[in-house]
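This is what each chain is made of:
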Amino acid sequence: MRYYISDMHFYHHGMNERMDCRGFSSTEEMNEVMIDHWNRKVRKQDDVVILGDLSFGTAEETNQLLDRLNGKLHLIHGNHDRYVNAKGFDAFRFKWIKPYAEMSDNGRKVILCHYPIFCYNGQYKTDENGNPLTYMLYGHVHNSEDELLVDRFIKLTRESRREIRGKEGLQPIPCNMINCFCMFSDYQPLSLDEWIEVDAKRRAAIESGVEI
């Protein structure tokens, strides 16, 4: 099984005090809860793609963290993953570390980047029934004002119409961008299908004016 998650920010006390306001009593409690939620979902043989900002800790702290996380780990480099270039960091737990990647997931392409990409490779590809064949998975913006802007862009794009080669008449523009922010999944890595379901529920709630 392959899972995805973004912006865990282990060791980052600011995630409790500001920005996310996660509500943990301490950074230590936050770390332990997130490790527990991760390991209750992920088995040792599962692949996990981390879409950036895994840890705000030192190289030594992050080494210790990685020893405790289940799964075969892959890292899309985020702006807060400073430990990667720090002296003493051991990257052995990562199968690879990249700024960007494209992968296949059960017949669908996934575009992987820490930052949201509005016009991503394969955006217009669908199957014969109109189902998306490409998803853009991102992080970075958490559940912030910037994510509200991304939400507006997605809605506006999906409501727009244009000519698409091979199809008759004006067609809706596909826009399948999913924010894999850890708080949206209760700090658990999720499969692509699980993220699609979480994102659909979140967007339905946005449309109805209900916060989730």
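Residues numbered from 1 in each chain as written. Predicted model: local features only at pLDDT ≥ 70, side-chain atom pairs only at ≥ 80, totals over all residues. Heavy atoms only, no water.

As enumerated under the stated definition, the model contains 16 salt bridges in all. One salt bridge in this structure joins Asp36 and Arg40, with 2.9 Å as the shortest N-O distance. One end of the pair, Asp36, and the other, Arg40, are both in helix α2 (residues 27–41), four residues apart, so they sit about a helical turn from each other. Given the relative accessible area of 54%, Arg40 is considered exposed. Between Arg202 and Glu147 there is a salt bridge, and its shortest N-O distance comes to 2.7 Å. Taken together, the positions of Arg202 in helix α5 (residues 192–208) and Glu147 in helix α4 (residues 145–159) put the pair 55 residues apart, joining distant regions of the chain. Relative accessible area serves as the criterion here: at 7%, Arg202 is assigned to the buried category. Residues joined by salt bridges that share partners form a network here, namely Glu147, Asp151, Asp199, Arg202 and Arg203. (Salt bridge = Lys/Arg side-chain N within 4 Å of Asp/Glu carboxyl O. Helix = DSSP H or I, 4+ residues; strand = E, 2+ residues; numbered from the N terminus. Buried < 20%, exposed > 50% of the residue type's maximum accessible area, 1.4 Å probe, protein only.)

Let us now look at the sheet that holds strand β5 (residues 100–105). Across the sheet, four strands lie side by side as β5-β6-β7-β10; this open sheet has mixed pairing. This sheet does not close on itself; its edge strands, each paired only once, are β5 and β10 (177–179). Each adjacent strand pair in this sheet contributes to an overall mean axis angle of 25 degrees, direction not counted. In the packing of α4 onto the sheet, the strands contacted are β7 (134–138) and β10, and the crossing angle to β10 comes to about 160 degrees. Against the sheet, α5 engages β5, β6 (108–113), β7 and β10, with an angle of about 90 degrees to β10. (Pairing = 2+ DSSP bridges. Axes fitted to C-alpha atoms, helices over the stretch in contact; angles between N-to-C directions. Contact = heavy atoms within 4.5 Å.)

Before going further, it helps to spend a moment on the side chain of Thr27. The residue Thr27 is located in helix α2 in this model. Using a relative accessible area of 14% as the deciding quantity, one classes Thr27 as buried. Excluding its chain neighbours within four sequence positions, the residues that come into contact with Thr27 are Tyr11, His12, His13 and Asn16.

Right, let's get into the nonpolar core. Counting 44 residues, the largest nonpolar core has Tyr4, Trp38, Leu54, Phe94, Leu112 and Leu137 as the members making the most contacts within it. Ranked by the residues each element gives to this core, the list is headed by α2, at four residues. Here Leu54 is in contact with Met8, His9, Phe10, Leu65, Leu66, Leu69, Asp81, Tyr83 and Phe94, once residues within four sequence places are set aside. Counting ten residues, the second largest nonpolar core, distinct from the first, contains Ile111, Met136, Ile154 and Met177. (Core = buried A, V, L, I, M, F, W, Y, C linked by side-chain atoms within 4.5 Å.)

Attention shifts here to the side chain of Asp199. Considering the arrangement of structural elements, one finds Asp199 in helix α5. Look past the residues within four positions of Asp199 in its chain and what remains in contact with it is Arg158, Met177 and Ile178.

Time to look at the environment of Met30. Inspection of the secondary structure puts Met30 in helix α2. On the basis of relative accessibility, which here comes to 0%, the residue Met30 falls in the buried class. Through-space distance from the C-alpha of Met30 to that of His13 is 8.8 Å; in sequence the pair is 17 residues apart. Among all residues touching Met30, those that are not within four sequence positions of it are His9, Tyr11, His12, Met15, Asn16, Arg22 and Phe24.

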